[in-house]
Amino acid sequence: MSFADDKPFGPGCDRYSDAVDLPLRDVKTMPTWLFVGSSASLRDSFGTMEQVGLGKEKDVTFFIPTNKAVNALPLDTRGDIVLDEAVARRFFGHHMVRGRLRPSDLDRTR
């Protein structure tokens, strides 16, 4: 599968636009925090990223875990993420990459 670079999101990303009144193609210029903050399935995870200072990073690509994914973690792990800023920064830091990646940058079939 290959992704078109003229699209701001990869396949399946439209399922996270649950609370956004705009088509995904129209949100590519929105700040990430604004778009994600309006998505019920990503809001909590991204909120934690913001609380530990990662949410408004510039020129990064976020791979934000859904709330459902974070809630599937063992209870003690979730607690560590919520209660320990260093653990949260490390956990969510693994979900972002410096630079703005194009969908084709994620295509491993080339």
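Source: prediction; values computed, not measured. (Residues numbered from 1 in each chain as written. Predicted model: local features only at pLDDT ≥ 70, side-chain atom pairs only at ≥ 80, totals over all residues. Heavy atoms only, no water.)

### Thoughts on the overall build of the protein chain
Tallying secondary structure elements over the protein chain gives 5 helices and 2 strands in all. Ordered by position from the N terminus, the helices and strands of the protein chain form the series α-α-β-α-α-α-β. Evaluated residue by residue, the protein chain yields a buried proportion of 29% over its 110 residues. Of all intrachain contacts in the protein chain linking residues separated by at least 6 positions in sequence, the fraction that spans at least 24 positions is 51%. (Helix = DSSP H or I, 4+ residues; strand = E, 2+ residues; numbered from the N terminus. Buried < 20%, exposed > 50% of the residue type's maximum accessible area, 1.4 Å probe, protein only. Contact = heavy atoms within 4.5 Å.)

### A short note on the nonpolar core
Within the largest apolar cluster, 15 residues are counted, with the highest numbers of intra-cluster contacts made by Met-49, Phe-62 and Ile-64. For this core, the secondary-structure elements that each account for two or more residues are helix H1 (32-37), helix H2 (43-51), strand S1 (60-62) and helix H5 (85-93). Per element, the largest residue contribution to this core is 3 residues, and it comes from H5. The contact partners of Met-49, leaving out residues within four places of it in the chain, are Leu-54, Gly-55, Phe-62, Ile-64, Phe-92 and Met-96. (Core = buried A, V, L, I, M, F, W, Y, C linked by side-chain atoms within 4.5 Å.)

### Focus on the packing of aromatic side chains
Taken as a whole and assessed by the stated rule, the structure comprises 2 aromatic pairs. Here Phe-46 and Phe-62 contribute two aromatic rings whose centre-to-centre distance is 5.5 Å and whose plane-to-plane angle is 85°, an arrangement assigned as edge-to-face. With Phe-46 in helix H2 and Phe-62 in strand S1, this residue pair connects regions lying 16 residues apart in the sequence. With respect to burial, Phe-46 and Phe-62 carry one shared label: buried. Considering the side-chain rings of Phe-91 and Phe-92, the 4.8 Å spacing of their centres and the 85° angle between planes classify their relative orientation as edge-to-face. Residue Phe-91 is classed as partly exposed on the basis of its relative accessible area of 21%. We classify Phe-92 as buried; its relative accessible area is 1%. (Phe/Tyr/Trp six-rings, centres within 6.5 Å; stacked < 30°, edge-to-face > 60°.)

### What about the side chain of Asn-67?
Turning to its location among the elements, Asn-67 is positioned in helix H3 (residues 67-71). With a relative accessible area of 10%, Asn-67 lands in the buried category. What Asn-67 contacts, discounting residues up to four positions off in sequence, is Ala-40, Ser-41, Leu-42, Arg-43, Asp-44 and Ser-45.

### Re H2
For H2, every residue scored as buried is listed here: Ser-45, Phe-46, Thr-48 and Met-49. The buried residues of H2 occupy an angular sector of 150° when the element is viewed end-on, so they sit on one face. Turned more than 90 degrees off the buried face of H2, the exposed positions are Asp-44 and Gln-51. Where H2 ends, the next residue or the one after it, Gly-53, has phi of about 85°, a positive value. (Arc of directions from axis to C-beta.)

### A short note on the confidence of the model for the protein chain
With 69% of its residues at a pLDDT of 70 or more, the protein chain shows a mean pLDDT of 75. Looking over the protein chain, one finds the lowest element-wise mean pLDDT in H1, namely 73, and the highest in H5, namely 92. (pLDDT = per-residue confidence, 0-100.)

### Describing the packing of helix H4 (residues 75-83) against H5
Where H4 meets H5, the closest approach of the two axes is 5 Å, and the angle between their N-to-C directions is 105°. Comparing the axis directions of H4 and H5 gives the class roughly perpendicular. Taken together, the residues of H5 that come into contact with H4 (itself represented by Asp-80, Ile-81 and Leu-83) are Glu-85, Val-87, Ala-88, Phe-91 and Phe-92. Class assignment for the residues of the contact of H4 with H5 results in 6 nonpolar, no polar and 2 charged. (Axes fitted to C-alpha atoms, helices over the stretch in contact; angles between N-to-C directions. Parallel < 35°, antiparallel > 145°, perpendicular 65-115°, else oblique. Nonpolar A, V, L, I, M, F, W, Y, C, P; charged D, E, K, R; others polar.)

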